[in-house]
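# Results of the structural survey
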Amino acid sequence: MIVVTGATGNVGREAVRLLVDWGEQVRALTRDPATATVPPGAEAVAGDLTDPSSLAPVLAGAEALFLLSGYAPEVFAEAQKAGVRRVVLMSGGSAETGDRTNAVARYMIDTEDALRASGLAWTMVRPRMFMTNAFQWLPMINAGAVRAPWPDVPAAVVDPADIAAVAAKALVSADHEGRVYPVTGPEALRPGDRVRILGEVLGREIRYEVQPDDEARAEMLAQMPEQYVDAFFSFYSGGKLDEATVFPSVEEVTGRPPRTFADWARANAARFR
Ligand SMILES: NC(=O)c1ccc[n+]([C@@H]2O[C@H](COP(=O)([O-])OP(=O)(O)OC[C@H]3O[C@@H](n4cnc5c(N)ncnc54)[C@H](OP(=O)(O)O)[C@@H]3O)[C@@H](O)[C@H]2O)c1
């Protein structure tokens, strides 16, 4: 049996779907099973990663765990107690910067370190920018112009389904234990490239407008704590995070190439209409 956290999220949902397709028994963790929609064939179970004691019944009998970053090291102690054999951790590219002064990198580095120290078998999955971040642009796309910062920063954006495919392979086999997978899409794209591709797929004129840093900062401060806003500015204005390098992990692990941003946009076109 495999426990998937973040099972209602972009990556976890796809991992659950794949594992069920492969005939695995899956527990899909959510804080609220009453309202959560998890893929058919999986069991929705209640648990809160900020309350590690809530995880004991969830983890009982599990062979493997897919885990999000940023939660207390006690999660690993609970996994040990429950007899979990391996953990596949989703962190991110910033984990390899080693920069603990950056709040986003710090929570990823700390979680990876705690997992390495736990004695559990591990695989680190370090995705770069998700293609699904483009859903943040939905209201602007409907209005015909996307205003977004950092026009010159390319990212090898990745389809969360591809991240899930890598994670799922690592969950079902010991072959990936001790491996660190940087997970990217097939090409590095600037925000303006992504807007152009969305427009082409949707068959609509969508303009890209450069959002000045001060305006982006004010908008982000309304959505997240300042230390995370500073972290993203350090990544993208300060050039501290390379998300442009393309890695072969998706093809190496899954046997097929990663999806392009155009593939993803076509598959999700209904959401943008
Ligand atoms: N977006 C990017 O470009 C990017 C790039 C690299 C790494 N990442 C990392 O990816 C992660 C987000 O993944 P995602 O996009 O797949 O998720 P998501 O769509 O943002 O959904 C968040 C998930 O986390 C679960 N969750 C939140 N708080 C929880 C808690 N206290 N206990 C248990 N579950 C909790 C939610 O479950 P319920 O609400 O059902 O409880 C939900 O399934 C973050 O750690 C982020 O740093 C993102």
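Attention in this report is confined to the structure presented alongside it. (Residues numbered from 1 in each chain as written. Predicted model: local features only at pLDDT ≥ 70, side-chain atom pairs only at ≥ 80, totals over all residues. Heavy atoms only, no water.)

Helix and strand content of the chain: 12 helices and 9 strands. For the chain, whose C-alpha radius of gyration is 19 Å, the value lies close to the compact-globule estimate of 19 Å for 273 residues. Over its C-alpha atoms, taken along the principal directions, the chain stretches across nearly 55 × 40 × 35 Å. Out of the 273 residues in the chain, the part that is buried amounts to 51%. In the chain, of all internal contacts separated by at least 6 residues, the share reaching a separation of at least 24 is 68%. In the form shown here, the chain has an accessible surface area of approximately 12000 Å², with 49% of it arising from carbon and sulfur atoms. Here the chain carries 27 positive and 36 negative side-chain charges, and the mean point of each set is 2 Å from the other. (Helix = DSSP H or I, 4+ residues; strand = E, 2+ residues; numbered from the N terminus. Rg over C-alpha atoms; globule rule 2.2 N^0.38 Å. Buried < 20%, exposed > 50% of the residue type's maximum accessible area, 1.4 Å probe, protein only. Contact = heavy atoms within 4.5 Å. Areas by Shrake-Rupley, 256 points an atom, 1.4 Å probe, with all protein chains shown as cover. Lys, Arg positive; Asp, Glu negative; His and termini not counted. Charge placed at Lys NZ, Arg CZ, Asp CG, Glu CD.)

It is worth spelling out the environment of Val11 at this point. Tracing the backbone shows Val11 in helix H1 (residues 10-21). On the basis of relative accessible area, Val11 is assigned to the buried category, the value being 3%. Taking the C-alpha atoms as reference points, Val11 and Ala56, 45 residues apart in sequence, are found 23 Å from one another. Among all residues touching Val11, those that are not within four sequence positions of it are Phe66, Met90, Phe130, Pro160, Ile163 and Ala164.

Quick look at the sheet that holds strand E5 (residues 86-90) now. Spatially, the 7 strands line up as an open sheet ordered E3-E2-E1-E4-E5-E6-E8, and their pairing is parallel. Every interior strand has two partners, whereas the edge strands, strand E3 (43-46) and strand E8 (180-183), have only one. Put simply, the sheet's adjacent strands are angled 20 degrees from each other on average, direction ignored. When E5 meets strand E6 (residues 121-127), the two strands line up parallel, connected through 5 bridges. Its bridge partner lying in E6, Val87 is registered against Trp122. (Pairing = 2+ DSSP bridges. Axes fitted to C-alpha atoms, helices over the stretch in contact; angles between N-to-C directions.)

Inspection of every chain in the model, using the stated rule, returns 23 salt bridges. A salt bridge links Glu43 to Arg27, with the shortest nitrogen-to-oxygen separation between them at 3.4 Å. Residue Glu43 is found in strand E3, and its partner Arg27 is found in strand E2 (residues 26-30); the two are separated by 16 residues along the sequence. (Salt bridge = Lys/Arg side-chain N within 4 Å of Asp/Glu carboxyl O.)

Everything listed here is a matter of geometry and, on its own, says nothing about what the molecule does.
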